Amino acid sequence: MTIDRALSGVPFGIDLFRCHEAGRELANYRAEPESHRWSRESVESQVVFKTLFISICHQMNWDVLQDALADWMLPTPSERLEEFAAVRAPTLSRLLANYPKQERVRASERSAMLRNTAGHLIQLLGPDGNLRRLLRAPRLAGPDGFYETIRKLDAYASDPVEKKARVLAHDLYREGVLRFGDPENLRPAVEYHLIRLYLRSGRVFPTKAPVRDLLIGQPREARERLVKLLRETVDEAMRQTAFYAGLDVATLNYVEWQLGRSVCVSELNAEWHPYCSAGSANPLPDDVRSLISSGCPFGEGCRSRTDDKYGWYHEPQFEKAIY
């Protein structure tokens with residue numbers, strides 16, 4: 001069977017039993033209050049900062065980029081939108097000069113996205129702008145709701161699975177910036193760390209041999225349709241896991257993203273596996289670290305670790321901002 005034939009059918013499945021088991025482990029999570037440098041800013045400034053940051057956050061370290069932009073944009077970023085709308089590549093190059101993977105900085109690309117986002121925010125926060133009205137009565141869904149409004153920004157509009165729009169909603173909700181009147185409409189934000197975690201744990205699995213072969217071994221470039229179908233399947237599996245865990249989607253997304261990027265990491269070879277037993281590749285927030293005191297919370301039921309015939313999967317390679 002070819003990859004084309006595999007993609008014409010149902011290339012991925014969901015193991016609801018494993019979703020249930022993972023949910024039971026995650027039900028032990030207890031969030032700790034968050035406080036950040038930008039938390040002291042006005043609601044409008046926090047929304048502006050987060051919207052600008054997330055608009056250019058892809059294919060590089062979240063914490064490094066967020067801290068670098070905070071150094072530059074704070075305080076009162078809502079009063080400096082004209083400045084951000086005129087930013088050029090050398091500014092971002094300077095802010096990220098110490099980033100170890102300089103090939104991922106892509107200062108020209110990110111500065112262009114930042115200019116575009118800041119320019120549109122000026123309009124959306126005008127006296128009659130949709131975003132300004134939303135700040136008074138935040139809601140996620142429906143005409144002129146948060147999702148519809150934020151997709152007016154080009155950086156948020158290109159993804160059919162709305163990763164950046166959903167990440168932004170999650171951050172504003174979890175950090176208490178906006179109290180959405182319909183939190184039940186929070187949606188999973190699926191990106192490559194979560195895809196890897198769900199594939200390896202077995203909650204999402206390939207149903208066709210050509211798809212399996214693509215995901216086993218060294219990461220390989222994948223076509224857009226495969227990535228879209230995989231992200232949609234992980235989206236549904238995350239909703240199921242959140243239900244079983246008794247967590248809202250934003251909280252589940254945050255916890256599992258931390259586990260994916262720091263515990264179930266991408267590097268894998270014959271001598272070295274992810275941090276299944278203990279430890280992590282990156283510093284973890286204390287509330288997430290409590291889940292891995294004796295190793296990955298999914299260790300006992302992880303299909304990659306316990307099923308020799310299953311294998312260690314990698315997320316497909318897909319060099320786009322939506323991923």
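Every value quoted in this text rests on a predicted model; they were computed, and no experiment measured them.

Cut-off values and rules
Residues numbered from 1 in each chain as written. Predicted model: local features only at pLDDT ≥ 70, side-chain atom pairs only at ≥ 80, totals over all residues. Heavy atoms only, no water. Salt bridge = Lys/Arg side-chain N within 4 Å of Asp/Glu carboxyl O. Helix = DSSP H or I, 4+ residues; strand = E, 2+ residues; numbered from the N terminus. Buried < 20%, exposed > 50% of the residue type's maximum accessible area, 1.4 Å probe, protein only. Expected span 1.5 Å × (residues − 1). Contact = heavy atoms within 4.5 Å. Polar contact = N/O pair within 3.5 Å; in protein donor to acceptor, adjacent residues only side chain to side chain. Axes fitted to C-alpha atoms, helices over the stretch in contact; angles between N-to-C directions. Parallel < 35°, antiparallel > 145°, perpendicular 65-115°, else oblique. Left-handed = near helix turned anticlockwise from the far one by under 90°. Phe/Tyr/Trp six-rings, centres within 6.5 Å; stacked < 30°, edge-to-face > 60°.

## Focus on the pattern of salt bridges
1) Next: Enumeration over the complete set of coordinates arrives at 21 salt bridges.
2) Next: Residue Arg24 is joined to Glu21 by a salt bridge in which the shortest nitrogen-to-oxygen separation is 3.5 Å. With Arg24 and Glu21 both in helix H2 (residues 16–26) and three residues apart, the pair spans about one turn of that helix.
3) Next: In this structure, the salt-bridge partner of Glu232 is Lys228, at a minimum N-O distance of 2.5 Å. One end of the pair is Glu232 and the other is Lys228, both in helix H14 (residues 224–245) and four residues apart, which spans about a single turn.
4) Next: Its relative accessible area of 33% is what places Glu232 among the partly exposed residues.
5) Next: In the salt-bridge network here, residues are joined through shared partners; they are Glu34, Lys50, Asp171, Arg174 and Glu175.

## Section: helix H4 (residues 62–73)
1) Next: Taking 1.5 Å of rise per residue, the 12 residues of H4 would be expected to cover 16 Å, and the 16 Å separating its terminal C-alpha atoms lies within 8% of that figure.
2) Next: Three or more residues of H4 are buried, namely Trp62, Leu65, Gln66, Ala68, Leu69, Ala70, Trp72 and Met73.
3) Next: In this structure, the buried side of H4 is in contact with helix H3 (43–55), helix H5 (81–84), helix H6 (89–95), helix H7 (107–124), helix H11 (163–174) and helix H15 (249–262).
4) Next: Its side-chain oxygen at 3.0 Å from the backbone nitrogen of Asp63, Asn61 defines the N-terminal cap of H4.

## With respect to the side chain of Gln46
1) Next: Residue placement: Gln46 occurs in helix H3.
2) Next: With relative accessibility at 8%, the residue Gln46 sits in the buried group.
3) Next: In this structure the side chain of Gln46 is engaged in a polar contact, spanning 3.0 Å, whose partner is the backbone oxygen of Glu41.
4) Next: With near-sequence residues (within four places) excluded, Gln46 lies in contact with Trp38, Ser39, Glu41, Leu172 and Val177.

## Some thoughts on H15
Because each turn of an α-helix spans 3.6 residues, side chains separated by three or four positions in sequence point in the same direction.
1) Next: In a regular helix each residue adds 1.5 Å, so 14 residues correspond to 20 Å; H15 covers 20 Å between its end C-alpha atoms and thus fits that length.
2) Next: Most of H15 sits out of view: 14 of its 14 residues are buried.
3) Next: A distance of 3.0 Å separates the backbone nitrogen of Ala250 from a side-chain oxygen at the start of H15, and that oxygen is part of Asp248.

## So, the packing of H3 against H4
1) Next: Look at H3 against H4: their axes get within 10 Å of each other, and the N-to-C directions meet at 135°. Regarding the angle of H3 to H4, the classification is oblique. Crossing of H3 over H4 shows right-handed handedness. Taking contact as the criterion, the partners of Phe49, Lys50, Leu52, Phe53 and Ile54 in H3 are, on H4, Trp62, Leu65, Gln66, Leu69, Ala70 and Met73.

## Overview of the packing of aromatic side chains
1) Next: For the structure shown, the criterion picks out nine aromatic pairs.
2) Next: Judged by centre distance (4.7 Å) and plane angle (75°), the rings of Phe53 and Trp62 are edge-to-face.
3) Next: Using a relative accessible area of 0% as the deciding quantity, one classes Phe53 as buried.
4) Next: On the basis of relative accessible area, Trp62 is assigned to the buried category, the value being 15%.

Take it as geometry only, folks, not as evidence of what the structure does.
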